[in-house]
Each structure stands twice: as C-alpha cells, then as structure tokens.
Amino acid sequence: MLNKKQIVFIEPKATVNTYRIARTLKLTGKYETALFCFSKVDKSFFEKAYDKIFILEISHKLRIKNLINFAQKSLSKTGKRFFKKMERTNPHIFQITGPDLFSLMAILFLKKDATKIYYANDLWGADKRNFFFTKKYWVKGEFQKLCEKISFKMIDGVINKHAYKQFTLLNYDVPTPKMSLPPICLDEWTIPPKKKKNKEIHIAYGGSPFPSWGKNISFLEIVKIITSQKIYLHSYGPCTDGKDNPILIKESEKNKYYKFHERVNPNNLNKELSKYDYGIFPEFWEPSEVDSNPGIVKTGMGTKMTNYIEAGLPIIISKQDEYMAKIVEKYNIGFSIDFGDLKNLRKIIEQKDYRQLQKNVKKFQEEFKWSKKIKDIEKFYEKVIKTKSEAP
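Scope of this entry: the structure provided in the associated data block.

Definitions and cut-offs
Residues numbered from 1 in each chain as written. Predicted model: local features only at pLDDT ≥ 70, side-chain atom pairs only at ≥ 80, totals over all residues. Heavy atoms only, no water. 1 Å grid on protein atoms, 1.4 Å probe; cavity = no way out; pocket = protein on both sides within 12 Å on 5 of 7 lines; lining within 4 Å. Points joined across faces, edges and corners; volume = space filled by probe spheres on them. Nonpolar A, V, L, I, M, F, W, Y, C, P; charged D, E, K, R; others polar. Salt bridge = Lys/Arg side-chain N within 4 Å of Asp/Glu carboxyl O. Helix = DSSP H or I, 4+ residues; strand = E, 2+ residues; numbered from the N terminus. Pairing = 2+ DSSP bridges. Axes fitted to C-alpha atoms, helices over the stretch in contact; angles between N-to-C directions. Buried < 20%, exposed > 50% of the residue type's maximum accessible area, 1.4 Å probe, protein only. Contact = heavy atoms within 4.5 Å. Core = buried A, V, L, I, M, F, W, Y, C linked by side-chain atoms within 4.5 Å. Polar contact = N/O pair within 3.5 Å; in protein donor to acceptor, adjacent residues only side chain to side chain. Phe/Tyr/Trp six-rings, centres within 6.5 Å; stacked < 30°, edge-to-face > 60°. Expected span 1.5 Å × (residues − 1). Right-handed = clockwise from strand over helix to strand, strands pointing away.

Rolled over the atoms, a probe sized like a water molecule indicates the empty space that remains. By volume, the second largest pocket is sized at about 260 Å³. Taken together, 13 residues line the second largest pocket, and the ones lying closest to its centre are Lys-195, Lys-196, Lys-197, Lys-275 and Asp-277. When the residues that make up the lining of the second largest pocket are grouped by side-chain class, the tally is two nonpolar, four polar and seven charged.

What follows is about the pattern of salt bridges. Throughout the structure, instances matching the rule amount to 16 salt bridges. A salt bridge links Glu-32 to Lys-52, with the nearest nitrogen and oxygen atoms 3.9 Å apart. Of this pair, Glu-32 sits in strand E2 (residues 31-37) while Lys-52 is found in strand E3 (residues 52-55), placing the two residues 20 residues apart along the sequence. Among the ionic pairs, Glu-251 bridges to Lys-254, the shortest N-O distance being 4.0 Å. In this pair, Glu-251 and Lys-254 are both assigned in helix H8 (residues 245-254), three residues apart and thus about one turn of the helix distant.

A few words now on the sheet that holds strand E11 (residues 278-280). In sheet architecture, strand pairing relies on hydrogen bonds along the backbone and comes in two forms, parallel and antiparallel. Across the sheet, six strands lie side by side as E10-E9-E8-E11-E12-E13; this open sheet has parallel pairing. If you trace the sheet from one side to the other, it starts and ends with strand E10 (258-261) and strand E13 (334-337), each paired once. Neighbour-to-neighbour, the strand axes of the sheet open up by a mean angle of 25°, direction not taken into account.

Quick look at the side chain of Glu-251 now. Given a relative accessible area of 6%, Glu-251 falls into the buried group. Apart from residues no more than four positions distant in its own chain, Glu-251 is found in contact with Leu-220, Val-223, Lys-224 and Tyr-258.

Next up on the list: the nonpolar core. Ile-203, Met-305, Ile-315, Ile-316, Leu-345 and Ile-349 are the most contacted members of the largest nonpolar core, which has 50 residues in total. Among the elements that make up this core, the one with the highest residue count is helix H7 (residues 219-227) (five residues). Ignoring sequence-local partners within four residues, the contact set of Ile-315 consists of Tyr-278, Gly-279, Phe-281, Met-305, Tyr-308, Ile-309, Val-328, Ile-333, Gly-334 and Phe-335. By size, the runner-up hydrophobic cluster in this structure holds 30 residues, among which are Ile-7, Phe-45, Ala-49 and Ile-53.

We now examine the environment of Lys-224. Note that Lys-224 resides in helix H7. Between the C-alpha atoms of Lys-224 and Tyr-258, which are 34 residues apart in sequence, the distance is 8.6 Å.

Tracing the backbone shows Ser-318 in strand E12 (residues 315-318). For Ser-318, the side chain forms a polar contact with the main-chain nitrogen of Gln-320, separated by 3.0 Å. Those residues in contact with Ser-318 that sit more than four places away from it in its chain are Phe-281, Glu-283, Phe-284, Ala-325 and Ile-337.

The next subject is the packing of aromatic side chains. The full count for this structure, using the stated rule, is 27 aromatic pairs. Ring centres of Phe-281 and Tyr-308 lie 5.5 Å apart, and the angle between their planes is 80°; this geometry places the pair in the edge-to-face category. With a gap of 27 residues between them, Phe-281 in the loop between E11 and helix H10 (287-292) and Tyr-308 in helix H11 (residues 303-310) connect regions that are remote in the sequence. Residues Phe-281 and Tyr-308 agree in their burial class; the two are buried. Look at Phe-364 and Phe-368: their rings are 4.4 Å apart centre to centre, the planes differ by 20°, and that puts the pair in the stacked class.

Further remarks concern unusual backbone geometry. The omega angle of the peptide bond from Gly-98 to Pro-99 is 5°, so this bond is cis rather than trans. Position of Pro-99 relative to the elements: it lies in the loop between strand E4 (93-98) and helix H5 (101-109). Even without being glycine, Lys-230 reaches a positive phi, approximately 60°. You can see Lys-230 is positioned in the loop between H7 and strand E9 (232-236). Residue Lys-230 is classed as exposed on the basis of its relative accessible area of 54%. The residue Asn-332 is not glycine, and still its phi comes out positive at about 50°.

The next subject is helix H1 (residues 16-27). Its 12 residues give H1 an end-to-end C-alpha distance of 16 Å, which sits within 8% of 16 Å, the value for a rise of 1.5 Å per residue. The element H1 is extensively covered by neighbouring structure, given that nine of its 12 residues are classed as buried. Regarding H1, the residues found buried are Asn-17, Thr-18, Tyr-19, Arg-20, Ile-21, Ala-22, Arg-23, Thr-24 and Leu-25. Directly after H1, the chain includes Gly-29, whose backbone phi takes a positive value near 80°.

This paragraph deals with the pairing of strand E1 (residues 5-11). With six of its seven residues buried, E1 lies for the most part within the structure. In terms of strand pairing, E1 meets E2 through seven bridges, oriented parallel. Residue Phe-9 lies in a different strand from E2, and its bridge partner there is Leu-35. Taking the sense of rotation as the criterion, the β-α-β connection linking E1, H1 and E2 turns out right-handed.

Right, here's the structure in full:
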C-alpha cells in the first residue's frame, strides 16, 4: 500500500504494551511504525512491531553522574544523530510513553505543531503518597510526578493503561482528549484454553515476585499459604528487589509446590503460562492503605492480566484490585477473593465450574483482540488530530 501513515513511538524503555499496538498497526498495512528508545532493545523481537528502530542508550537511574552522562551522550555525535532523526521525522502521530525524564525531553524537543499523544504506562499523579517519605521511590517518585505534570501541559491526547477514573484522582486538569484501554489480546500471542489433564492445581504468577514494602503482604507469606494446600505456584523472573532472590530460591528448593522460574521472553511467555490452570495477582494490602491511596490499587491495570487472558487462563485476583476484579467478575473469566479467603483457596477452586470459566475466557479473547480493537486507537488518533487542528 502506498502513502502509509507513519506512527512514531518514543519510549524510555521498549514495552510490551506498546509493542502490541505498534505490531497491530503495522499488520493493517496502512502504517509505517518507528521506535525511538533510550534503552537497549532486543531487535530480533521488536523488529516485528517496528519498521525502523533508533536507540540512544542512557542509564535510567536518577543520579547526578547519570544526569551528566545524559548531557554528554546527548551532545555526542551519536546523540546528535539520534535527536536529529527524531526532529526530522514528520509522522501522522507521535506516541510517547511516560512518565520519565526522557519522555519529557522528547516532548520538549519535538516541534510544537507535531501531534503528540502521551501513553501513560503509569499515572504517577494518581498516587497520593508523598514519595519524599517513602523508602522505595523517594526523590524519584516526586520527580516522575513533576515530569508527568509538565508533559500533560504539552501533549494533545492521553491514552491510559489503567482505569479512566485515574484522571479524576489527579490534582490538576488534563483538558485534552483521553481514553483508557481494557486488556486487549494480540492475536498471534493468543492461545485457546487447554483441556485440564489431571486433578493437580497449578497457578502461575507471570511476573517478578515483589518485595514487602509499604503495607502489602509479603510474597513469601502468600507462597506458603497457597502451597500449604498442595497447590503448585509458579513465578517468573527475578524478584523486583534482588535481595529477595536467595530467599525465594531457597523456598523453591525445599518446597516442592513452589517453582521459581527464570524470566521468559515476551514472545514465549504466554505459551509457558498456558501450561497451567489459573493466573493469579497475589498482591494484598492492609485496608487502610487501599482506602487512603486508591490510585495505587483500586484503579490499576496489571499487564499480566492481558498475558493470562492471551494464555487462556482464568484469573484469581484480590477484591482490592477493584478495576481488574470488576472486569473478571463482569465477564466471569475467573474470581476475586479477599486475603482471608486465601487459606481456603483449594476449596474455592474445586467449587468452580472450570470448564465454563475457560469458555468465558475464550469468548473474551475473541471479543477483545487487537485486530478488532485497533479501530478504537485509530479513531482516537484522528480525534486528537481534529481537536488540535480546531484549537485556537
């Protein structure tokens, strides 16, 4: 097809969520897709979604020496070529993933008349914590909030990965067109639910085990509660806090019901997950934390939810994750539980009509797949362009 429209994606780190969008746009035959990224990229994987890939590797840790390195790399020959290529592109749309310093720098660098859409992988302004008083993010958290707020003053539209309600949790207005995406399956990664072969129960957590921070229940405690019921639990990837790796590896060695797996390439993750019976979100919080900070729990959308559905797995999720739990209950593609229910998880599972849950997952796969839903993205792109052109 001649005269393809170009969509340029700018990401601090290449993400699977954006990959799904870019890959589907590319497959329509109507678009040329390009990626500008500030981190190392596995080209053998991401070239399936992008016709062109440009990389400028810069450390993302917020330290003085890294800021100096950023300035040096930006002014180097490689950096100048990278930004010049970005400046010379004149695409139909720029879609920029944030929040991040590099996202903000890209927005500042682009021409004012370029149409810029912000993809909120996380909406930090919806998080009501003062990060100066938290151990996990500290200065970085407040810095991300600031980058996000400045970015929203300069963009023409926003796509949010999480609930639309998150926009109401911001302490400022975002007057541009906005949309929120439900979990949508990439057609080529979607696996129909498989027939259960035996009475063993295998549950997958398709992500890195999380540390005990803030007021959440530790992953190790959840592992012990689930596996004490002779339920197999499988986790994938190193812990988000490297100090926890030896603890969970040791648990995996002595507990035959817990398996600590290495990270799997996104292209193969769903095939790996499809071997199991359920996908789980094992995060549980103290009620006071949920009520005081709804942006962190009640309105979030985990990327793993899409992976579980693509892999054909019914989902087990905490009732505290209200947005995701409502989707699970509405389409009957799994069930939600309280932390107190976890000790009776095997009994709850055995009472479910598993075959019906699988049928519902398959139906969801068909209804919410990118080959059907890409039209929503295209319509939103055109709405943003129209709104921008009509602005005074």
